[in-house]
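Listed here are the chains, written in short residue letters.
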Amino acid sequence: MAEQKNAPAPQEEQSLSELLQIRRAKLKELQNAGQDPFQITKYHVTAHSADIKADFEVMEGKTVSVAGRLMSKRGMGKAVFCDMQDGKGRIQLYVRIDELGEEAFAKCKKLDIGDIVGVEGEVFKTKRGEISVKAHAVTLLSKSLRPLPEKFHGLTDKETRYRQRYVDLIMNEDVRRAFEIRTKFIKHVRSYLDARDYLEVETPVLNTISGGATARPFITHHNTLDIDMYMRIATELHLKRLVVGGFERVYEIGRIFRNEGMDPKHNPEFTSIELYEAYADFHDMMDIAEGILSSAAKEILGTYEVEWLGTKIDLTPGWPRLTMAEAVQKYVGIDFMAISDDAEAVAAARAKGIDMDGVEQTWGRALYECFDQRVEENLIQPTFITMYPVEVSPLTKRSPSDPRLTERFEFFINHSEFGNAFSELNDPIDQKGRFEHEIALREAGDDEAGMMDDDYINALEYGLPPTGGMGIGIDRCVMLLTNSDSIRDVILFPTMKPLD
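Residues numbered from 1 in each chain as written. Predicted model: local features only at pLDDT ≥ 70, side-chain atom pairs only at ≥ 80, totals over all residues. Heavy atoms only, no water.

Labelled according to an unreviewed UniProt entry, the protein chain appears under the name Lysine--tRNA ligase, originating from Intestinimonas massiliensis. Here the protein chain is described in UniProt, under the heading Subunit (unreviewed entry), as follows: "Homodimer." Word for word, the UniProt comment on the protein chain under Subcellular location (unreviewed entry) is "Cytoplasm". (UniProt positions renumbered as here; feature names shortened; annotations may be inferred.)

Next comes the structure, spelled out in structure tokens:
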């Protein structure tokens, strides 16, 4: 039988139970005295911890009102030192009996770690040089009925941190910083695209057809219409309809839902950005992808060099660009451009130990499997891989120089895929044929294959201009910028299996 982590001993359970009772008794005492903290609806805050510390020369001697959570308390007879944590950091509180009076000071000494308080007082610096607030008045704003962990590393099971993210955020400054970086990155993406005349739009999450990517969808039911609907696996098809309609540059940042496996790099609910630009191609999308991520690192972190998964990554602009055939020739040793026959290509792949079972026995599929099984693991520094086979690119424009390939790229960092882009397929006849191919795959048992979207074909028949399009995973970019090894570390409330 596996050892259960973090299982409290009976004595610990009893101890916790007693602490809960004590805190509830304190609350009851306050309520009986007409001092119920939960009846307070507002507290006027005039300053935050970080601002006081950053501008101490101006703030010194001034009276401020601060508010936050008590994180520690140290009694020294007629004085108490507390650490208070607000939304911008921590600051020390200095509470003296001669400032508050005996009754108020006694109430202050009864406060518990975790309680939320408002403090009015004077900004000063202690003899030890610590910037603090000397309290003139302390107001209990919310009673913490459950004690905080004494040391958060006591919660060794990461799942507990993910399930109780609120405690994780209270106790772990690095966690708060990671999500602040996430917000900054999303703001940066918006700013980058807005400055280039892109229009941010919103498209449906619920659809009658699953399309825009190769993935297994979540299915729900609309009671009024009495139809099954699919939660979106991509925003692509709607966004390209808008380009048909005349919006030449559009993007959407939003949640995507894929009913697939869960691992350190995948969560069934994740955030992506998709963008489409008329009269552009996949080369323009490469410039934008490189520009977004490298400039974000420089702006948010102050450097192009980051560390991720134990590896130093250099995001300096000028990332290498290789065709898939060039990458396979470099790392696997097969020159696919010298091969024209499907059988010969499959045989060459098998000779290198590539597993070709269960996939189409074609030149393009053999090329892709060589890349997927052998090349991707070698791509450590930022690298664009271009010219994907038609078989794995159902929405991409064929290469004019080689119809077996498409004008598509993905970019990889530390053998992880970060984004996918192409010169969009705007030939409605070709697109319909590829949808029909996807339907055949679905009928053969591939539940990740796409469906026929007749309305999208209809839209293409009105004319989609030459268009470049791209999707980038927001979560994975944040993992890189925060040196996080799991996608759950950069999603505030990741998907979790319910506890029994």
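Across its full length, the protein chain holds 16 helices and 19 strands. Along the longest, intermediate and shortest principal axes, the C-alpha atoms of the protein chain span 90 × 55 × 50 Å. Looking at the 500 residues of the protein chain, the share that counts as buried comes to 47%. When contacts within the protein chain are restricted to residue pairs at least 6 apart in sequence, long-range pairs at least 24 apart make up 64% of them. By element, 49% of the accessible surface of the protein chain is carried by carbon and sulfur atoms, the whole surface being about 25,200 Å². One way to put it: in the protein chain the 62 positive side-chain charges average out to a point 10 Å from where the 84 negative ones average out. (Helix = DSSP H or I, 4+ residues; strand = E, 2+ residues; numbered from the N terminus. Buried < 20%, exposed > 50% of the residue type's maximum accessible area, 1.4 Å probe, protein only. Contact = heavy atoms within 4.5 Å. Areas by Shrake-Rupley, 256 points an atom, 1.4 Å probe, with all protein chains shown as cover. Lys, Arg positive; Asp, Glu negative; His and termini not counted. Charge placed at Lys NZ, Arg CZ, Asp CG, Glu CD.)

On to helix H11 (residues 324–331). Among the residues of H11, Met-324, Ala-325, Ala-327 and Val-328 are the ones counted as buried. Each buried residue of H11 sits inside an arc of 160° when the element is viewed along its axis, so together they form one side. Of the surrounding elements, those touching the buried residues of H11 are strand E14 (321–323), helix H13 (363–375) and strand E15 (383–389). (Arc of directions from axis to C-beta.)

Let us now look at the confidence of the model for the protein chain. Detail in the predicted coordinates should be disregarded across regions flagged by low pLDDT. When pLDDT is averaged along the protein chain, the result is 93, and 96% of the positions lie at 70 or above. Confidence drops under pLDDT 50 across residues 1–11; counting only partners more than four residues distant or on other chains, this segment forms seven contacts. (pLDDT = per-residue confidence, 0-100.)

Once that is clear, we can look at the pairing of strand E12 (residues 305–308). Side-chain alternation along E12 places Val-306 and Trp-308 on a buried face and Glu-305 and Glu-307 on a face that remains uncovered. Bridging between E12 and strand E13 (residues 311–314) involves four bridges; their strand directions are antiparallel. Note on E13: the bridge partner recorded for Trp-308 is Thr-311. The hairpin formed by E12 and E13 contains two residues between the paired strands, and Leu-309 there has a positive phi angle of roughly 55°. (Pairing = 2+ DSSP bridges.)

So, about the sheet that holds strand E4 (residues 116–125). Spatially, five strands are ordered E1-E2-E3-E5-E4 in a closed barrel, and the strand pairing comes out mixed. Across this sheet, the average inter-strand angle for adjacent strands is 55°, counted without regard to direction. Pairing geometry for strand E3 (residues 89–96) and strand E5 (residues 131–142), over three bridges, is parallel. Residue pairing in the sheet places Tyr-94 in a bridge with Lys-134 of E5. (Axes fitted to C-alpha atoms, helices over the stretch in contact; angles between N-to-C directions.)

What follows concerns the packing of helix H9 (residues 236–244) against helix H15 (residues 454–462). Where H9 meets H15, the axes come as close as 9 Å, and the angle between the chain directions of the two elements is 25°. Put simply, H9 runs roughly parallel to H15. Viewed along their axes, H9 and H15 form a crossing whose handedness is left-handed. The residues of H15 that touch H9, namely those facing Leu-237, Lys-240, Arg-241 and Val-244, are Asp-455, Tyr-456, Ala-459 and Tyr-462. (Parallel < 35°, antiparallel > 145°, perpendicular 65-115°, else oblique. Left-handed = near helix turned anticlockwise from the far one by under 90°.)

Further remarks concern the UniProt feature "domain: Aminoacyl-transfer RNA synthetases class-II family profile" (unreviewed entry) in the protein chain. On the UniProt side, "domain: Aminoacyl-transfer RNA synthetases class-II family profile" (unreviewed entry) is annotated at positions that read residues 179–498 here. The annotated region residues 179–498 carries 34% helix and 25% strand content, and the separation between its end C-alpha atoms amounts to 24 Å.

Counted under the stated rule, the structure contains 31 salt bridges. Arg-232 is the salt-bridge partner of Glu-252, the closest N and O atoms lying 3.0 Å from each other. Taken together, the positions of Glu-252 in strand E10 (residues 249–257) and Arg-232 in the loop between strand E9 (227–231) and H9 put the pair 20 residues apart, joining distant regions of the chain. One exposure class covers both Glu-252 and Arg-232, and it is buried. (Salt bridge = Lys/Arg side-chain N within 4 Å of Asp/Glu carboxyl O.)

Take the packing of H11 against H13 next. Following both chains from N to C, one finds H11 and H13 inclined at 55°, their axes separated by 10 Å at the closest point. Considering their axes alone, H11 and H13 lie oblique with respect to each other. Handedness of the H11/H13 crossing: left-handed. Note on element contacts: H13 touches H11 through Leu-367, Tyr-368, Cys-370, Phe-371 and Val-375, opposite Met-324, Ala-325, Ala-327, Val-328 and Tyr-331. When grouped by side-chain class, the residues that make up the contact of H11 with H13 number ten nonpolar, no polar and no charged. (Nonpolar A, V, L, I, M, F, W, Y, C, P; charged D, E, K, R; others polar.)

Moving on, we come to the environment of Gly-114. Looking at where Gly-114 falls in the secondary structure, it is placed in the loop between helix H5 (102–109) and E4. When its relative accessible area of 1% is taken as the criterion, Gly-114 is described as buried. With near-sequence residues (within four places) excluded, Gly-114 lies in contact with Arg-69, Leu-70, Ser-144 and Leu-148.

Among the residues examined, Glu-252 registers a relative accessible area of 5% and is labelled buried. At 2.5 Å, the side chain of Glu-252 forms a polar contact with the side chain of Thr-203. A distance of 3.0 Å separates a polar atom in the side chain of Glu-252 from a polar atom in the side chain of Arg-232. The residues contacting Glu-252, other than those within four sequence positions of it, are Val-201, Glu-202, Thr-203, Arg-232, Thr-235, Leu-239, Ser-272, Ile-273 and Glu-274. (Polar contact = N/O pair within 3.5 Å; in protein donor to acceptor, adjacent residues only side chain to side chain.)

Attention now goes to the UniProt feature "binding site: Mg(2+) 2" (unreviewed entry) in the protein chain. Using the residue numbers shown here, the UniProt feature "binding site: Mg(2+) 2" (unreviewed entry) corresponds to Glu-417. Considering the arrangement of structural elements, one finds Glu-417 in strand E18 (residues 416–423). Owing to a relative accessible area of 29%, Glu-417 belongs among the partly exposed residues under this scheme. Dropping the residues within four chain positions of it, Glu-417 is found in contact with Glu-410, Phe-411, Phe-412 and Arg-476.

Next up on the list: the nonpolar core. Membership of the largest hydrophobic core comes to 69 residues, with the highest contact counts inside it found for Phe-185, Leu-193 and Val-328. For Phe-185, the residues in contact, after removing those within four places along its chain, are Ile-292, Leu-293, Ala-296, Ile-300, Ile-474, Cys-477, Val-478 and Leu-481. Counting 24 residues, the second-largest nonpolar core is a separate cluster that includes Val-95, Cys-108, Ala-135 and Leu-140. (Core = buried A, V, L, I, M, F, W, Y, C linked by side-chain atoms within 4.5 Å.)

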